[in-house]
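Residue-level listing of the chains:
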Amino acid sequence: MATAKDRAVLQTIFNPSTPFGDIPGLDEEEEAAAIQGEGGAFASELLEQVKDLELQGVLAAESGDVNTALERFSQAIRLLPERASCYNNRAQAFRLKGDVAGALQDLDTALRLSRGTGRVACQCFVQRGLLNVLRGHEDNARQDFEQGARLGSPFARHQLVLMNPYSALCNQMLMEMMRKLQNPDIQGSI
């Protein structure tokens, strides 16, 4: 039986560009510590019920039923309005539905509740950064990706590299040089 860390390693190998670090089981210890750090603010039965609703929402979204996903995430929020994860998940569903304003509002709420730290905050910064890129707000996107990178997101670090014009030029030159080394008959300038 593979451990959570084993599954995380395999997920990273097979899906290296996973944007949100959504590696099942990777941060179970971190989440448990966060729950303990909140002084047991969430009753365990209620927390389990909310996690179950979140899982139902994720599965509904993955199967294309975004409306059901939104319902499940909203139910979870009604039960535990202080849980940042619920807002982050609902933001993703709003984004899938095309409701950027709703997604941004939930991301802001999740960041406030998480105090800008931890796995949920990391996911929020990355998700908000992507929305800002789509909206053409590059400076805001860069700030969000910087925050996500500080919280450990390899995807956010990669986005920052892509947003850097000097880095993009160097990558282009390096790729051209590699092509020429692999096939010296190719014409062109470096």
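Just above, that's the structure.
An account of the accompanying structure is given in this report. The shown structure was predicted, so the numbers you read here are calculated from the model rather than taken from an experiment.

## A word on the overall build of the protein chain
Thinking step 1. Each helix and strand counted, the protein chain has ten helices and zero strands in total.
Thinking step 2. Helices and strands appear in the protein chain in the N-to-C order α-α-α-α-α-α-α-α-α-α.
Thinking step 3. Scored against the burial criterion, the 190 residues of the protein chain give a buried share of 35%.
Thinking step 4. In the protein chain, once contacts between residues fewer than 6 apart in sequence are set aside, the share between residues at least 24 apart is 45%.
Thinking step 5. For the protein chain, the accessible area works out to roughly 11700 Å², and carbon and sulfur atoms hold 55% of it.

## Notes on helix 8 (residues 138-150)
Thinking step 1. End to end, helix 8 covers 18 Å across 13 residues, agreeing with the expected 18 Å (1.5 Å per residue, within 8%).
Thinking step 2. Buried residues of helix 8: Ala141, Asp144, Phe145, Gly148 and Ala149, and no others. Angularly, the buried residues of helix 8 cover 140° about the axis, an arc narrow enough to put them on a single face. Seen from the open side of helix 8, the exposed residues pointing more than 90 degrees away from its buried face are Asp139 and Arg150.
Thinking step 3. Where helix 8 is buried, its residues touch helix 7 (118-134) and helix 9 (154-163).
Thinking step 4. One or two positions beyond helix 8, positive phi appears at Gly152, with a value near 105°.

## Brief notes about the packing of helix 7 against helix 8
Thinking step 1. Packing of helix 7 against helix 8 brings their axes to within 8 Å, and their N-to-C directions diverge by 160°. Judged on the interaxial angle alone, helix 8 and helix 7 are roughly antiparallel. Considering only the axes of helix 7 and helix 8, their crossing is left-handed. On helix 8, the residues that touch Cys122, Phe125, Val126, Arg128, Gly129, Leu130, Asn132 and Val133 of helix 7 are Asn140, Ala141, Asp144, Phe145, Gln147 and Gly148.
Thinking step 2. Residues of the contact of helix 7 with helix 8, tallied by class, amount to seven nonpolar, five polar and two charged.

## Focus on the packing of helix 3 (residues 44-62) against helix 5 (residues 84-97)
Thinking step 1. Axis separation between helix 3 and helix 5 bottoms out at 11 Å; the angle between their running directions is 15°. It follows that helix 3 is roughly parallel to helix 5 by the angle criterion. Helix-helix and strand crossings are classified by hand; for helix 3 and helix 5 the assignment is left-handed. Note on element contacts: helix 5 touches helix 3 through Ser85, Cys86, Asn89 and Leu96, opposite Val50, Glu54 and Ala61.
Thinking step 2. When its residues are assigned to classes, the contact of helix 3 with helix 5 shows four nonpolar, two polar and one charged.

Parameters and conventions
Residues numbered from 1 in each chain as written. Predicted model: local features only at pLDDT ≥ 70, side-chain atom pairs only at ≥ 80, totals over all residues. Heavy atoms only, no water. Helix = DSSP H or I, 4+ residues; strand = E, 2+ residues; numbered from the N terminus. Buried < 20%, exposed > 50% of the residue type's maximum accessible area, 1.4 Å probe, protein only. Contact = heavy atoms within 4.5 Å. Areas by Shrake-Rupley, 256 points an atom, 1.4 Å probe, with all protein chains shown as cover. Expected span 1.5 Å × (residues − 1). Arc of directions from axis to C-beta. Axes fitted to C-alpha atoms, helices over the stretch in contact; angles between N-to-C directions. Parallel < 35°, antiparallel > 145°, perpendicular 65-115°, else oblique. Left-handed = near helix turned anticlockwise from the far one by under 90°. Nonpolar A, V, L, I, M, F, W, Y, C, P; charged D, E, K, R; others polar.

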